[in-house]
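Next come the chains, spelled out residue by residue.
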Amino acid sequence: MRKPVIAGNWKMYKTIAEGVDFIQKIAPMAASASHCDVVVAPPFTALAAVSQAAKGSKVGISAQDMHWDKEGAHTGDVSSTMIVDAGCTYVIIGHSERRHDHGETDEQVNRKLKAALAEGLTPIMCVGETLAQRESGGTGQVLKTQFEGGLAGLTPYDFSRIIIAYEPVWAIGTGRTATPEMAAESHHILRDLARQRFGEAEARSVRILYGGSVKPDNVGGLMGQPEIDGALVGGASLKVDSFAALINYPRT
Ligand code: 13P
């Protein structure tokens, strides 16, 4: 059985005070949610304070990115050692906004993943196609390239410590969600890639989250798909009430 993950990616939202206030409200609501793992990814500036506020609660803390070097002359970057120091146990790697805003490549994603694993972090590796790629029938190839490039050189054991997030770029922040069937089809492609590359046991156990305009009113349909093991949520993770509703998604 794969334990679902509901993760909120706050992106470039929330001050320290706003983040701490959010945690103080969500932690008691999440306390009884034994059916899923709960994660939030605050901006770097709020990581330490939010981790402190989340101590002893069910809420795990993720960074939104990291550099592959432990330290060095990299102005504006933050390392794996630093995010662990700030209380993170997860890190999002290869989000499409980093790929597009910062030109991040699969090779860089791969270096970051290896560094995150070496630091004992659980990486959440994002993959997903653009609208043009989907419309030209390229989704399968894009997922294959990102999967193989991002995970190059990893062992099955390394892979067993990773979470994958399928985030179709055209569904992020657009209000346009992939239907549960569309999402499940891509998850199926990713699980097949995992099977070919890492073996049956790893393919069965890897958790694949869906991200892209997940909201309280569509989370039930998405989570109803056996291939979908959770959600990586942007906009709807910013309000306590909607994130609480996502954590308590309808279950049968
Ligand atoms: P939205 O939920 O705002 O579409 O963002 C999804 C996302 O990018 C999560 O990482």
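Residues numbered from 1 in each chain as written. Predicted model: local features only at pLDDT ≥ 70, side-chain atom pairs only at ≥ 80, totals over all residues. Heavy atoms only, no water.

Draft legend 1. Highlighting the packing of helix α1 (residues 16–30) against helix α2 (residues 47–54). Between α1 and α2, whose axes approach to 9 Å, the crossing angle comes to 20°. Put simply, α1 runs roughly parallel to α2. As for how α1 packs across α2, the hand of that crossing is right-handed. Between α1 and α2, the contacting residues are I16, G19, V20 and I23 on the first element and A49, V50, A53 and A54 on the second. Here the residues of the contact of α1 with α2 are counted per class, giving 7 nonpolar, 1 polar and no charged. (Axes fitted to C-alpha atoms, helices over the stretch in contact; angles between N-to-C directions. Helix = DSSP H or I, 4+ residues; strand = E, 2+ residues; numbered from the N terminus. Parallel < 35°, antiparallel > 145°, perpendicular 65-115°, else oblique. Left-handed = near helix turned anticlockwise from the far one by under 90°. Contact = heavy atoms within 4.5 Å. Nonpolar A, V, L, I, M, F, W, Y, C, P; charged D, E, K, R; others polar.)

Draft legend 2. Molecular detail of the layout of surface pockets. Each pocket or cavity is described by its volume, and for the largest pocket that value is around 410 Å³. Surrounding the largest pocket, 14 residues form its lining, K11, M12, Q64, R98 and H102 being those nearest its centre. Looking at the lining of the largest pocket, its residues break down into 4 nonpolar, 5 polar and 5 charged. Taken as a whole, the second largest pocket holds about 310 Å³ of empty space. If you go around the second largest pocket, you meet 14 residues; those closest to its centre are M1, P4, M223, I228 and Y249. Within the lining of the second largest pocket, the residues separate by chemical class into 7 nonpolar, 4 polar and 3 charged. (1 Å grid on protein atoms, 1.4 Å probe; cavity = no way out; pocket = protein on both sides within 12 Å on 5 of 7 lines; lining within 4 Å. Points joined across faces, edges and corners; volume = space filled by probe spheres on them.)

Draft legend 3. How the structure looks around the site of the ligand. Residues in close proximity to the ligand total 13 residues, the closest being K11, H95, G173, S213 and G235. Contacts to the ligand include K11, whose side-chain N or O atom sits 2.8 Å from an oxygen atom. Separating an oxygen atom of the ligand from a side-chain N or O atom of H95 is a distance of 2.8 Å. Relative to its unbound accessible area of 310 Å², the ligand is 96% covered by the protein chains. Of the residues assigned to the shell around the ligand, the class counts are 4 nonpolar, 7 polar and 2 charged. (Near = heavy atom within 4 Å. Polar contact = N/O pair within 3.5 Å; in protein donor to acceptor, adjacent residues only side chain to side chain. Areas by Shrake-Rupley, 256 points an atom, 1.4 Å probe, with all protein chains shown as cover.)

Draft legend 4. How the structure looks around the pairing of strand β2 (residues 37–41). In terms of burial, β2 is largely enclosed, as 5 of its 5 residues are buried. Direction of pairing for strand β1 (residues 5–9) relative to β2: parallel, over a ladder of 5 bridges. In the strand pairing of β2, A7 is matched with V39. With respect to chirality, the unit in which β1 leads through α1 into the neighbouring parallel β2 is right-handed. Looking at chain direction, β2 and strand β3 (residues 59–63) are connected through 3 bridges and run parallel. Looking at β3, one finds that V39 is bridged to G60. The handedness of the β2 to β3 crossover, carried by α2, is right-handed. (Buried < 20%, exposed > 50% of the residue type's maximum accessible area, 1.4 Å probe, protein only. Pairing = 2+ DSSP bridges. Right-handed = clockwise from strand over helix to strand, strands pointing away.)

Draft legend 5. Just helix α12 (residues 240–247), in detail. The buried fraction of α12 amounts to 6 of the 8 residues, a majority that puts the element mostly inside the structure. Turning to α12, its buried residues are V240, S242, F243, A244, L246 and I247. Looking at the packing, one finds that the buried side of α12 touches β1, α1, β2, α11 (219–223) and β8 (230–233).

Draft legend 6. Up close: the nonpolar core. L151 and I164 are the most contacted members of the largest nonpolar core, which has 66 residues in total. In this structure, I164 is in contact with M125, V127, F147, L151, F159, L190, V206, R207, I208 and L209, ignoring residues within four places of it in sequence. Of all hydrophobic cores here, the second largest spans 12 residues; its members include A41, I163, L209 and L232. (Core = buried A, V, L, I, M, F, W, Y, C linked by side-chain atoms within 4.5 Å.)

Draft legend 7. Region of the structure containing the pattern of salt bridges. Tallied over the entire structure, the rule returns 18 salt bridges. Among the salt bridges present, the one from K3 reaches D37, with a minimum N-O distance of 3.4 Å. With K3 in the segment before β1 and D37 in strand β2, this residue pair connects regions lying 34 residues apart in the sequence. For D37, a relative accessible area of 19% translates into the label buried. For E148, the salt bridge goes to K144, with nearest N and O atoms at 3.2 Å. Of the two residues, E148 and K144 both sit in helix α7 (residues 139–150), 4 residues apart, roughly one turn of that helix. (Salt bridge = Lys/Arg side-chain N within 4 Å of Asp/Glu carboxyl O.)

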